[in-house]
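# Coordinate inspection notes
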Amino acid sequence: MQRFVSRRVLSETNFLRVQQRCFALPGSAYKKVVTSDTPEPPPVPVIPPFPYTPPTYTGPSGDEIMALRKKYLMQQPAYYEKPLNLVDGKMQYVFDENGKRYLDALAGVSVVSCGHCHPYVEKAIIKQMKSIQHTTVLYLNHTLTDYLQALADKMPGNLKVFYLLNSGTEANELAMLLARLYTGCNDIISLRNAYHGNAPTTMGTNGVRTEKFNVVQTGIHHAMDPNPYRGDFGSDGKKYAEDVQNIIDYATSGQVAGFIAEEIQGVGGVIQLAPGYLPAAYESVRNAGGLCIADEAITGFGRTGSHYWAFENQGVIPDIVTMAKGIGNSSPMSVVATTPEIAQVLGSHTFYSTFAANEISTTAGLAVLKVIEKEGLQENALAVGSYLKAKLTALKDKYEIIGDVRGRGLMLGVEFVTDRELKTPATDLTNVIFEEMKEMGVLVGKAGLYSNVLRMLPPLCITKADADFLADVLDNAIWNITNK
Ligand SMILES: Cc1ncc(COP(=O)(O)O)c(C=O)c1O
């Protein structure tokens, strides 16, 4: 096994100091400092051919847009030192203002599930746009019921009734409201390192400091994160679940409203909950009268390959399931699925959301369900995802700075550390790799508390050739920064 980076313990600061120094030195001097072996350069990555050329872009430049963003937009800063102006997209690829093509391995954070401007979804939406676009649930229209019938077929157990909303945050807020009303209890158990949204209750459930503000967030308890890589009990899911019982016993009245978790934590850095965790945690919660909520905002609709819903991987059936992101392939919508018995707690009270269930979104939602089925996207997620994971794992054998490769299907993460034993987050280094990958034509995301995880959530239509390209780009990115 070749080790490209010295096994000497390098703190991130030291590593970067060495790196900066070495960029100014001849390559060989850099190698002498940080490599224990002299590797062959990896293969030159070649983006797979694709029979589409976007029209010439004539709009404002990225620099002009950036200047306006700085002036007017107070939200999330744009990714990359030189932010990307993306002007066209087809399936798994996007194009910048100069016509350069990128493999989109983030897909708008898992939103573009079937592919950019997927022809079937696009055609369905355009057809619907020309008839009627928005009526609200106050009137009847068959697009909504067509969608719900098809979605019900995808749901296990008695999860057969739905609320439609607009975002993952809203769906999780409603799920927890249902749990509180149904049980008559207030306490919700969430996980450390979780992300469920940015409204008051969902923010309360977030278990990452960067996703919280210091405002009152009551009635939420955070259980130990069943993180097989960094957690205290490795892959022993049952052991972590004891903390859920401890919270019930020592931090509540003994009765709780519910428990919420993603089966693979996305924002938290693609953390697969340790096997056996959910059945044990669900048992404790249900014994305390609570409802179990599965957040499938990222993991749903076949993304994890092995199952349509990620909770199925742990053999549980939740009481409430929330869906968002890839549900509409970019049309904003979300869904709460539950049982008729639980749903009736809202009774005759109005629970209304103006834009929810509009005809464009439900048409998109139905088209997504059909495309996943017709094009075998879940099976593709499993095949290409497993193939890509094997390639990334081979890179872990090659580069000491890769501490962990994880995930399932097309929800994968690569965690970078400066020391494998200490698991010291290689935050700055991850950012350099992230920038290098973009230069070579692959867009990925950053995740985890320390932003030292590259996460991959591509459209479910990517091919093995794309996976080869992605892995070669990552190989080159790491090789470049460690061997320049
Ligand atoms: C697992 C999970 N749940 C909920 C949300 C919130 O969704 P939205 O941004 O649509 O409100 C997110 C967003 O990243 C998420 O990753």
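What counts, and where the lines are drawn
Residues numbered from 1 in each chain as written. Predicted model: local features only at pLDDT ≥ 70, side-chain atom pairs only at ≥ 80, totals over all residues. Core = buried A, V, L, I, M, F, W, Y, C linked by C-beta atoms within 7 Å. Buried ≥ 20, exposed ≤ 12 C-beta atoms within 10 Å, placed from the backbone. Helix = DSSP H or I, 4+ residues; strand = E, 2+ residues; numbered from the N terminus. Pairing = 2+ DSSP bridges. Axes fitted to C-alpha atoms, helices over the stretch in contact; angles between N-to-C directions. Near = placed C-beta within 6 Å. Nonpolar A, V, L, I, M, F, W, Y, C, P; charged D, E, K, R; others polar. Parallel < 35°, antiparallel > 145°, perpendicular 65-115°, else oblique. Left-handed = near helix turned anticlockwise from the far one by under 90°. Contact = placed C-beta atoms within 7 Å. Expected span 1.5 Å × (residues − 1). pLDDT = per-residue confidence, 0-100.

Once that is clear, we can look at the nonpolar core. Among the nonpolar cores identified, the biggest contains 131 residues, and Ala-179, Val-335, Val-336 and Leu-470 are the most heavily contacted of them. Looking at which element gives the most residues to this core, the answer is helix 15 (residues 464-483), with 9 residues.

A few words now on the sheet that holds strand 6 (residues 220-223). Ordered in space as 4-12-11-10-7-5-6, the 7 strands form an open sheet in which the pairing is mixed. Only two strands of the sheet have a single neighbouring strand rather than two, namely strand 4 (161-165) and strand 6. Going from strand to strand, the sheet's axes swing by 20° on average, the running direction of each strand aside. Summarising the sheet, strand 4 and strand 12 (residues 334-338) pair through 5 bridges and their orientation is antiparallel.

Time to look at the environment of Lys-239. Turning to its location among the elements, Lys-239 is positioned in helix 9 (residues 237-251). Between the alpha carbons of Lys-239 and Val-453 there is a distance of 25 Å; along the sequence they are 214 residues apart.

To continue, consider the pairing of strand 14 (residues 411-419). Summarising burial for strand 14: 8 of the 9 residues are buried, a large majority. Two strands pair when backbone bridges link them, and strand 13 (residues 402-408) and strand 14 are joined in this way by 6 bridges, in the antiparallel orientation. Counted as the bridge partner of Val-405 is Val-414 from strand 14. One ladder, built from 4 bridges, connects strand 14 with strand 18 (residues 453-456); its direction is antiparallel. Residue Gly-413 lies in a different strand from strand 18, and its bridge partner there is Arg-455.

Neighbouring strands of a sheet are bound in pairs by backbone hydrogen bonds; such pairs are parallel or else antiparallel. Spatial strand order, 1-2-3-16: 4 strands in an open sheet with mixed pairing. Where the open sheet ends on each side, the last strands, each with one partner, are strand 1 (86-90) and strand 16 (442-443). Direction of pairing for strand 3 (residues 101-104) relative to strand 16: parallel, over a ladder of 2 bridges. Among the inter-strand pairings, Asp-104 is bridged to a residue of strand 16, identified as Leu-443.

So, on to the site of the ligand. Around the ligand, a shell composed of 14 residues is seen, among which Ser-167, Gly-168, Thr-169, Gly-197 and Ala-297 lie nearest. The class makeup of the residues in the shell around the ligand is 5 nonpolar, 7 polar and 2 charged.

Now for the packing of helix 14 (residues 427-439) against helix 15. Where helix 14 contacts helix 15, the two axes come as close as 9 Å, and the packing angle between them is 125°. It follows that helix 14 is oblique to helix 15 by the angle criterion. The way helix 14 lies across helix 15 gives a crossing that is right-handed. Residue-level inspection shows Val-432, Ile-433, Glu-436 and Met-437 of helix 14 in contact with helix 15, the latter providing Val-473, Leu-474, Ala-477, Ile-478, Asn-480 and Ile-481. Within the contact of helix 14 with helix 15, the residues separate by chemical class into 8 nonpolar, 1 polar and 1 charged.

Moving on to the packing of helix 9 against helix 10 (residues 277-287). Viewed as axis vectors pointing N to C, helix 9 and helix 10 meet at an angle of 20°, and their least axial separation amounts to 8 Å. One finds that helix 9 runs roughly parallel with respect to helix 10. Crossing hand, helix 9 versus helix 10: right-handed. On the side of helix 9, the interface is formed by Gly-237, Lys-238, Tyr-240, Ala-241, Val-244, Gln-245 and Ile-248, while helix 10 contributes Tyr-277, Ala-280, Ala-281, Ser-284 and Val-285. Its residues assigned to classes, the contact of helix 9 with helix 10 shows 8 nonpolar, 3 polar and 1 charged.

The buried fraction of strand 10 (residues 291-295) amounts to 5 of the 5 residues, a majority that puts the element mostly inside the structure. Taking every second residue as pointing to the same face, both faces of strand 10 are buried, with Leu-291, Ile-293 and Asp-295 on one and Cys-292 and Ala-294 on the other. Where strand 7 (residues 258-261) and strand 10 come together, 4 bridges link them in parallel fashion. Within strand 10, the position partnered with Phe-259 by the bridge is Cys-292. Both strand 10 and strand 11 (residues 320-323) contribute to a ladder of 3 bridges, which runs parallel. In the sheet register, Ala-294 faces strand 11, and the bridge partner there is Val-321.

Glancing now at helix 14. Between its first and last C-alpha atoms helix 14 spans 19 Å; for 13 residues at 1.5 Å apiece the expected length is 18 Å, and the two agree. For helix 14, the complete set of buried residues consists of Leu-429, Thr-430, Ile-433, Phe-434, Met-437 and Lys-438. Residue Gly-441 follows helix 14 closely and has a positive phi angle near 105°.

Turning to the confidence of the model for the chain, a few remarks are in order. Summary statistics for the chain give a mean pLDDT of 92 and a share of 92% for residues scoring 70 or more. Segment residues 1-36: pLDDT under 50, and 58 contacts once partners within four positions in sequence are set aside and those in other chains are kept.

Our focus in this paragraph is unusual backbone geometry. Notably, Met-91 is not glycine yet its phi reads approximately 55°, a positive angle. What makes Met-91 buried here is the crowd of 20 C-beta atoms within 10 Å. Within the chain, Ser-451 stands out as a residue other than glycine whose phi angle is a positive 50°. On the secondary structure map, Ser-451 appears in the loop between strand 17 (445-447) and strand 18.

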